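Understanding the architecture of this molecule
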Amino acid sequence: MSGMENRTAEEDDQQADQEPKGPAASLDDLDAILLDLDGVITETAEVHANSWKEMFDAFLRERASRLSAGFVPFDLDHDYKQFVDGKPRYEGVASFLESRGISLPHGHDRDPPDKETVCGLGNRKNQLFLKAIRQNGVTTYPSSVDFIHKIRRLGLKVAVVTSSRNGREVLEAAGVAQLFDAKVDGIVARECWLDGKPSPDTYLEAARRVGSRPERAAVVEDAVSGIEAGRAGRFGLVVGVSRDGNPRLLQRAGADVVVSDLSELHLGDADAPDPDALDGAPDRSDGHTLENRMQPAPPALEKLDDIKSRIGTRRLAVFLDYDGTLTPIVARPDLAVLSDSMRSTLRTLARACTVVIVSGRERGNVADLVDLEEIVYAGSHGFDIVGPEGTEIQHEEGEAFVPEVKRAATEIGHRVAGIEGVLVEDKKLALAVHFRLVKPQDVPRVEEAVDAVMAQHPLLRKTGGKKVFELRPNIDWDKGKAVLWLLEALELEGDEVLPIYIGDDETDFDAFRALRGKGLSFLVAEQPLDGAADYLLRNPQEAETLLAALSAFLRGELAQ
């Protein structure tokens, strides 16, 4: 876990009030489904992102050289999602440039790609995108196409809504243009003087074109700006598609339900025999519901027989977060002390199966806190690993970042020295800036300090957690990848091993996703999140009870 702080009851109540409730909407309450294109229907979101990065990096590199300034590359995790994703092209350019304090003339949409204007940069990105799809083609998500066929058989209208001016070309290249009753893209938006997302204008226009009122239409989106558009337009249902396994961004933006794939949306008896029969009068009888098949995780302690059945005769590999999972969340990292009871439970379980603690903490720190030789310790999100009896398994790529992290920690420490309550924690391969004890009005100052230092250290990237900002190595690595790497390194791959992961923080969602279909996941939280994990544990005490039950089962002491 990244954050190491104590949640208050008031904060938990506020969070519960803010989170969407995820209602199930009857199809009889809907006339139309309005879908985003990139990332929902077609696998072009990554092509867009890479085109943005190639364009911005070339521009920023040349500008840094000309001004004798430092080069900070465009970041796909932070810059793309926050400033560009889902927005009309020129608005995305302007938004990102503003975030870097760069001012350019707006120009004209006919500006050549080499002209240094907002429109020129946007056209340069578009040129790169078109080159990529013309060379490599466009791939659709089969489950999304199947979803559209089923929706049409149920008699609903279907529209596609995209900020891209290349929408029609992408649809034609993907071979799905004929599936939509209306298409609203960037060209339509310009011709009709419609504001782009997060304004609801384009979705409202799509609803109008298919003859549906907003309250009787559903919006399906994968970008925060699109979810915000659906909310602003007061549509009957707003569905988020989070293919990266972290649904909270879309939930916070206002999605009613969030799925990782449209196959998770249940359409009742929509499986008509002929997928090509797009016209006709389908049966709209009661019982067709559009609901999130990924229901909130059931309480694990009420499902022990089910868990035992899923384990069967397989060996277990148990992966555990530390803060918030084995110990309660506390105000300062040094206060997260493992109870004697939990330590005893872990010792007994480690004698029956492999137990790995995967923590954002520095490895030596978490090993000292747990103080058990029988356990594998993976610190710094899996970069630094020590096995039973001191055997070392190093993920060597992370070591190169140690000096960078140390310098960044020192610089942030200087910048926040005058802010009461802030704690900077150097975890060797990552650093955490805790702000739970900081006054709310001072939190923006903390983030400004972190962002300013990050801008000077492009080898690091910013992530978050519960009341914490983190800077980690800017490489493709998270707890999910760490768990898969550890399974291989510890020779625990194969059908005879069932991996289990227990965690409480959004950084653990990567591990939940990595083990989907391969193992079991348990979320430690007072309230379940739709689709986040297989089972729910309400607190560390329940986690301890589960671990004791697993240990008893493996020793043959649990009733058969």
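Definitions and cut-offs
- Residues numbered from 1 in each chain as written.
- Predicted model: local features only at pLDDT ≥ 70, side-chain atom pairs only at ≥ 80, totals over all residues.
- Heavy atoms only, no water.
- Phe/Tyr/Trp six-rings, centres within 6.5 Å; stacked < 30°, edge-to-face > 60°.
- Helix = DSSP H or I, 4+ residues; strand = E, 2+ residues; numbered from the N terminus.
- Buried < 20%, exposed > 50% of the residue type's maximum accessible area, 1.4 Å probe, protein only.
- Lys NZ or Arg CZ within 6 Å of the ring centre and 35° of its normal.
- 1 Å grid on protein atoms, 1.4 Å probe; cavity = no way out; pocket = protein on both sides within 12 Å on 5 of 7 lines; lining within 4 Å.
- Points joined across faces, edges and corners; volume = space filled by probe spheres on them.
- Nonpolar A, V, L, I, M, F, W, Y, C, P; charged D, E, K, R; others polar.
- Pairing = 2+ DSSP bridges.
- Axes fitted to C-alpha atoms, helices over the stretch in contact; angles between N-to-C directions.

As for the packing of aromatic side chains
Scanning the entire structure with this criterion turns up eight aromatic pairs. Seen from their ring centres, Phe56 and Phe96 are 4.3 Å apart, and the 50° between their planes marks the pair as tilted. Linking Phe56 in helix H2 (residues 45-67) with Phe96 in helix H4 (residues 89-99), this pair joins segments that are 40 residues apart in sequence. Judged by relative accessible area, which is 0%, Phe96 ranks as buried. The rings of Trp52, Phe56, Phe74 and Phe96 are connected pair by pair, giving a single aromatic cluster. Here Arg243 stacks its cationic end above the ring of Tyr141, 3.5 Å away from the centre of that ring.

Notes on empty space enclosed by the protein
One pass over the full model with this rule turns up four cavities of 30 Å³ or more. Computed from the structure, the largest cavity encloses a volume of approximately 260 Å³. Broken down by secondary-structure element, the contributors of at least two residues to the lining of the largest cavity are H2, helix H3 (76-84) and helix H5 (118-136). Among the elements that make up the lining of the largest cavity, the one with the highest residue count is H2 (three residues). Grouping the constituent residues of the lining of the largest cavity by class yields six nonpolar, seven polar and 10 charged.

Description of the sheet that holds strand S6 (residues 237-241)
Here six strands make up an open sheet; going across it, the order is S4-S3-S2-S5-S6-S7 and the pairing parallel. Two strands in the sheet have a free side with no partner beyond their single neighbour: strand S4 (182-184) and strand S7 (257-259). On average, each strand axis in the sheet is tilted by 20° relative to the strand beside it, whichever way the strands run. With four bridges connecting them, strand S5 (residues 217-221) and S6 associate as parallel partners.

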